[in-house]
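Here's the letter readout for the chains.
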Amino acid sequence: MLDVEVIEDPATAEVSLDPVRARLLAELAEPNSATMLAAKVGLPRQKVNYHLRTLEQHGLVELAEERRKGNMTERVMRATAASYVISPTALAAVQPDPERAPDRLSARWLLAVAARLVRDVGNLITGAAKADKKVATFALDGEIRFATAADRAAFAEELATAVTTLVAKYHDESAAGGRAHRVVVAVHPSIPKE
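A brief report on the enclosed structure follows. Quantities reported herein were computed from a predicted structural model and do not represent experimental measurements. (Residues numbered from 1 in each chain as written. Predicted model: local features only at pLDDT ≥ 70, side-chain atom pairs only at ≥ 80, totals over all residues. Heavy atoms only, no water.)

With that settled, the discussion passes to the pattern of salt bridges. As enumerated under the stated definition, the model contains eleven salt bridges in all. In this structure, R78 engages E62 in a salt bridge whose closest nitrogen and oxygen atoms are separated by 2.9 Å. With R78 in strand β4 (residues 72–79) and E62 in strand β3 (residues 61–69), this residue pair connects regions lying 16 residues apart in the sequence. The salt bridge partner of E74 is K69, with a shortest N-O separation of 3.8 Å. For E74, a relative accessible area of 13% puts it in the buried group. Through salt bridges that share partners, E65, R67, K69 and E74 make up one connected network. (Salt bridge = Lys/Arg side-chain N within 4 Å of Asp/Glu carboxyl O. Helix = DSSP H or I, 4+ residues; strand = E, 2+ residues; numbered from the N terminus. Buried < 20%, exposed > 50% of the residue type's maximum accessible area, 1.4 Å probe, protein only.)

What follows is the structure, given as structure tokens:
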């Protein structure tokens, strides 16, 4: 089971967003049969089987094992991932595009950049899985508390200068066999933990 799977197909995204199917996906972090799931979610086994077949057709669940019970075979299913992210690719015609209105101080632009990040990394993960390779990535995540808005603005300016300096130092447009990498640095207010 993967930690995170990226959903790029619109039909698969639609299937995953159904509340009953989303609940089944959550329950299938541990392998379960339709009978066991029916008892947990309060639905008839036949209805659970219908939803499981749909999830399986879209690659969101997989067969974990088959068990013989009398003259029947019980299928035990599990989710293909612990969690899922829907890529903006699933909404290709209306996916955010940070090139439309680049404004480094706009929250909506930051969201468009984040959407591009999800799309691009999702594509990289999919391609790497097909090629049986790993994706070279790096991320930082942290929290900072500013005393004033002026401090926040000064921090943003120093951060921009530091990143620009590093990019200028290591960027080599003429490197034979070099590979371009995208750098994304974002600062936004933290959401309080509940």
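Together, L124, I125 and V135 make up an exposed nonpolar region whose accessible area comes to about 200 Å². Among the secondary structure elements, I125 is positioned in helix α5 (residues 107–131). The exposure class of I125 is partly exposed, given its relative accessible area of 41%. (Patch = residues over 30% accessible without salt bridge, like charges linked within 9 Å, V, L, I, M, F, W, Y side chains within 5 Å. Areas by Shrake-Rupley, 256 points an atom, 1.4 Å probe, with all protein chains shown as cover.)

Attention now goes to the nonpolar core. Counting residues in hydrophobic clusters, the biggest one holds 18 residues, and the most contacted among them are L28, V48, L52 and L55. Mapped onto this core, the elements with two or more residues apiece are α1 (10–17), α2 (19–27), α3 (34–41), α4 (45–57) and β4. When residues in this core are grouped by element, the largest group, four residues, is from α3. In contact with L28, not counting residues within four places along its chain, are M1, L37, L52, V61, M77, R78 and A79. (Core = buried A, V, L, I, M, F, W, Y, C linked by side-chain atoms within 4.5 Å. Contact = heavy atoms within 4.5 Å.)

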